[in-house]
Amino acid sequence: WEFNGSFYQPSAFLMMGIPGLEALHPWISIPFCALYLSALLGNCVILFIIRRTPSLHEPMYYFLCMLALTDLGLALCTLPTTLGLFWFGVRRIGFDACLTQMYFIHILSFIESSVLLAMAFDRFMAISHPLRHPAILTRSTMLKIGLAIVLRGMLSLLPIPFLLKRLTYCGRTELSHSFCFHPDIMNLACADIKVNVFYGMVILLSTVGTDFIFIVLSYVLIIRTVVSLTTREECLKALNTCVSHICAVLVFFIPMIGLSMIHRFGKNVPPLVNALVAYTYLIIPPALNPVIYSIKSTHIREALLRALCRKRG
């Protein structure tokens, strides 16, 4: 490919599966199908159980509904292109379709980060200020929090597709994953991408980075409150309500931080490692979160068992 400085934009990109294992894609699709099925079925069950159980109409479970909806969105964003590539070898994705998928993937990731922060705040209020907790986190307040979370993600990421459309691209059109990711598309450009890099880093640090810092701060305050409790049983009971949330935070943030570091600083990282971290980041949290909350939350587990017993009866 030769370019004379004129503007060039590819009509489509080519997606990549798992490098070096292309011949095994039909077999690799089996665990991916299991993960997607777990994500779709598990999050739908969580939403159904909470909606049908009046005793679960509390702030903690309303935030869990927000998390389940976000995880459903993430799974549905990547499922068509990932399984299309593994099953049918469909690698081509249109330029505008790629930007649209990228925009929604990043929005939902930012929303999930914000929901996890809201859940941390809920746990802090429930443990440190139990008497004020119901008065502060009313339904209208949670509705406003949910709306603010969605608007924050949408508006902060709105310039990203336009920043990518203004770039001139080289002949390379091969992406690193079976989905579209901002740093991945940006690195295919021939033009100066300093604005894209700067804006992407600022938005990431001011949203997800800030969320993570406040989540850690919330748990510092929670631990300080728990330590002041009189009996060991009260201490363990308070901490037990946070275990599911801590697992969800770790499952989401560790792969996300790893993938961001690889895209920005890991030029010598093997493509296989890059692909595995990316799939872990986007597929594992939606699949595991329903399992984590179903196992650790006694109320959800009991409500699920009651629903199953009613159907059998």
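Residues numbered from 1 in each chain as written. Predicted model: local features only at pLDDT ≥ 70, side-chain atom pairs only at ≥ 80, totals over all residues. Heavy atoms only, no water.

### What to know about empty space enclosed by the protein
- This structure, assessed with the given rule, holds 3 cavities of 30 Å³ or more.
- If you trace the largest cavity, you find 15 residues lining it, with His106, Phe110, Gly200, Leu204 and Arg264 closest to the centre.
- Counting only elements with at least two residues in the lining of the largest cavity, the list comes to α3 (95-128), α7 (182-186), α8 (194-227) and α10 (243-265).
- Its residues assigned to classes, the lining of the largest cavity shows 10 nonpolar, 4 polar and 1 charged.
- A volume near 50 Å³ is recorded for the second largest cavity. (1 Å grid on protein atoms, 1.4 Å probe; cavity = no way out; pocket = protein on both sides within 12 Å on 5 of 7 lines; lining within 4 Å. Points joined across faces, edges and corners; volume = space filled by probe spheres on them. Helix = DSSP H or I, 4+ residues; strand = E, 2+ residues; numbered from the N terminus. Nonpolar A, V, L, I, M, F, W, Y, C, P; charged D, E, K, R; others polar.)

### Some remarks on the packing of aromatic side chains
- For the structure shown, the criterion picks out 14 aromatic pairs.
- Ring geometry for Phe212 and Phe253: centres 5.0 Å apart, planes at 50 degrees, overall tilted. Placement of the pair is Phe212 in helix α8 and Phe253 in helix α10, with a sequence separation of 41 residues. (Phe/Tyr/Trp six-rings, centres within 6.5 Å; stacked < 30°, edge-to-face > 60°.)

### Considering the state of the cysteines
- On inspection of all chains with the given rule, the structure shows 2 disulfides.
- A sulfur-sulfur distance of 1.9 Å marks the disulfide that ties Cys98 to Cys180. An S-S torsion of about -120 degrees defines the bridge between Cys98 and Cys180 as left-handed. Placement of the pair is Cys98 in helix α3 and Cys180 in the loop between α6 (159-165) and α7, with a sequence separation of 82 residues. Here Cys98 matches Cys180 in class, with each residue buried.
- Here Cys170 pairs with Cys190 through a disulfide, and the sulfurs are 1.7 Å apart. In this pair, Cys170 sits in the loop between α6 and α7 while Cys190 sits in the loop between α7 and α8, placing the two residues 20 residues apart along the sequence.
- Exposure remark for Cys190: the relative accessible area of 40% places this residue in the partly exposed category.
- By sequence order of its bonded cysteines, the protein chain has the disulfide arrangement 1-3, 2-4. (Disulfide = S-S within 2.5 Å. Buried < 20%, exposed > 50% of the residue type's maximum accessible area, 1.4 Å probe, protein only.)

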